[in-house]
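# Structure assessment
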Amino acid sequence: MRILSQLKRKIRRILFPGSRTRPTHRKARKKTSRNVNVNSVNRVILSMVNRERRKRHITPVAFDRSLHVHAINWSRRMAHQRRLSHSGTVLENACMVSARGSPITIAKNMFHCWKGSPPHWTWMMNPTIHRAAFAYTKNGNNAYGAYAFK
């Protein structure tokens, strides 16, 4: 089938040079850089957290832009220093995982790392927490993540 359709296209090009095979009413797409859509990564992390919170009959957390800015800045700082630490100004979980894989894979790996750590998991399932945000930064073979909450 594929060879047949390629052959038909070649014949059309020979018989009707200059004619377009695609409609001209389509708008040209802008070329964009392949940056990670931060909202999609946050959406994945928050949906995973909220799924676990619902299982325990805890109210879900909502995305918070100010916490997201903090998480971005803190993950950058940890990546720059190449070590995990806490800011002391905002409640957060910090994690370091392999930077291999897609952004969603990296985020899921961090979630499972926190889920396996009782102190971190206790904070993520704390019923007094209502707002949260996540960000990570790659440096070399590692990704440094921060999950900030209040």
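The structure we're discussing is the one just above.
In this report, we go over the structure that sits alongside the text. Just so it is clear, the structure is predicted and the values come from calculations on it, not from any experiment.

On the surface, Arg2, Lys8, Arg9, Lys10, Arg12 and Arg13 cluster together to form a positively charged patch. Taking relative accessible area as the criterion, Arg12 reaches 41% and is therefore assigned partly exposed.

What follows deals with the environment of Val97. Note that Val97 resides in strand E2 (residues 91-98). A relative accessible area of 11% means that Val97 is categorised as buried. When the C-alpha positions of Val97 and Met110 are compared, they lie 6.5 Å apart, and in sequence the two are 13 residues distant. Apart from residues no more than four positions distant in its own chain, Val97 is found in contact with Ile106, Asn109, Met110, Asn141, Asn142 and Ala143.

Counting 26 residues, the largest nonpolar core has Val49, Met110, Met124, Phe134 and Tyr147 as the members making the most contacts within it. Counting only elements with at least two residues in this core, the list comes to helix H2 (38-55), E2, helix H4 (103-115), helix H5 (118-124), strand E3 (131-139) and strand E4 (142-149). Examining the composition of this core, we find that six residues originate from one element, H2, more than from any other. Excluding anything up to four places from it in sequence, Met110 contacts Cys95, Val97, Phe134, Tyr136, Ala143, Tyr144 and Gly145.

Reading guide: rules and limits
- Residues numbered from 1 in each chain as written.
- Predicted model: local features only at pLDDT ≥ 70, side-chain atom pairs only at ≥ 80, totals over all residues.
- Heavy atoms only, no water.
- Patch = residues over 30% accessible without salt bridge, like charges linked within 9 Å, V, L, I, M, F, W, Y side chains within 5 Å.
- Areas by Shrake-Rupley, 256 points an atom, 1.4 Å probe, with all protein chains shown as cover.
- Salt bridge = Lys/Arg side-chain N within 4 Å of Asp/Glu carboxyl O.
- Lys, Arg positive; Asp, Glu negative; His and termini not counted.
- Charge placed at Lys NZ, Arg CZ, Asp CG, Glu CD.
- Buried < 20%, exposed > 50% of the residue type's maximum accessible area, 1.4 Å probe, protein only.
- Helix = DSSP H or I, 4+ residues; strand = E, 2+ residues; numbered from the N terminus.
- Contact = heavy atoms within 4.5 Å.
- Core = buried A, V, L, I, M, F, W, Y, C linked by side-chain atoms within 4.5 Å.

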